[in-house]
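The primary structure of each chain is shown beneath.
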Amino acid sequence: MSAEWINIQIMECEDVVGRAVTVFRQSDGTHQRYVLGNGRKVEANADGTFVIPDSATELRVMGI
């Protein structure tokens, strides 16, 4: 059975060269995750930034 993820927060972020990237905080009612618009997972850091795991690209939140 596949989970139905619902967007609960949308954050406009910027990478180190200034490109805009949207990160979605999603929930299936039990779990939460952070993903890009294409569904690729990102990891949240303790300082409020995000990182794309395979590329080590850091994203900073510009607006919620």
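For the structure itself, look to the data block above.
Residues numbered from 1 in each chain as written. Predicted model: local features only at pLDDT ≥ 70, side-chain atom pairs only at ≥ 80, totals over all residues. Heavy atoms only, no water.

(A) Broad picture of the packing of aromatic side chains. This model, assessed by the stated rule, comprises 1 aromatic pair. When the ring of Y34 is compared with that of F50, the centres are 5.0 Å apart and the planes differ by 55°; the resulting orientation is tilted. Within this pair, whereas Y34 is found in strand β3 (residues 32–36), its partner F50 is found in strand β5 (residues 50–52), the two being separated by 16 residues in sequence. (Phe/Tyr/Trp six-rings, centres within 6.5 Å; stacked < 30°, edge-to-face > 60°. Helix = DSSP H or I, 4+ residues; strand = E, 2+ residues; numbered from the N terminus.)

(B) How the structure looks around the nonpolar core. Within the largest apolar cluster, 9 residues are counted, these being M11, C13, V21, V23, L36, V42, F50, I52 and L59. When residues of this core are traced back to their parent elements, those giving at least two are β1 (6–14), β2 (20–27) and β5. What L59 contacts, discounting residues up to four positions off in sequence, is C13, E14, D15, V21, V23, L36, T49, F50 and I52. (Core = buried A, V, L, I, M, F, W, Y, C linked by side-chain atoms within 4.5 Å. Buried < 20%, exposed > 50% of the residue type's maximum accessible area, 1.4 Å probe, protein only. Contact = heavy atoms within 4.5 Å.)

(C) Here's a closer look at the pairing of β2. Where β1 and β2 come together, 8 bridges link them in antiparallel fashion. Bridge pairing in β2 links M11 to V23. Where β1 folds back onto β2 in an antiparallel hairpin, the turn is made up of 5 residues, including G18, whose phi is positive at roughly 95°. Of the strand pairs in this sheet, β2 and β3 are connected by 5 bridges, and their pairing is antiparallel. For Q26, the partnering residue across the bridge sits in β3 and is R33. The turn linking β2 back onto β3 is made up of 4 residues, and G29 within it adopts a positive phi angle of 100°. (Pairing = 2+ DSSP bridges.)

(D) Inspection of the pairing of strand β4 (residues 41–44) at higher detail. Examined bridge by bridge, β3 and β4 share 2 bridges and lie antiparallel to one another. Along β4, the bridge assignment pairs Y34 with V42. Counting the residues between successive antiparallel strands, the hairpin from β3 to β4 contains 4 residues, one of them, G39, with a positive phi of roughly 90°. Strand direction decides the pairing type here: β4 and β5, joined by 2 bridges, are antiparallel. Directly across from E43, in β5, lies its bridge partner V51. Remark: 5 residues form the turn of the hairpin made by β4 and β5, two consecutive strands paired antiparallel; G48 in that turn has positive phi of roughly 90°.

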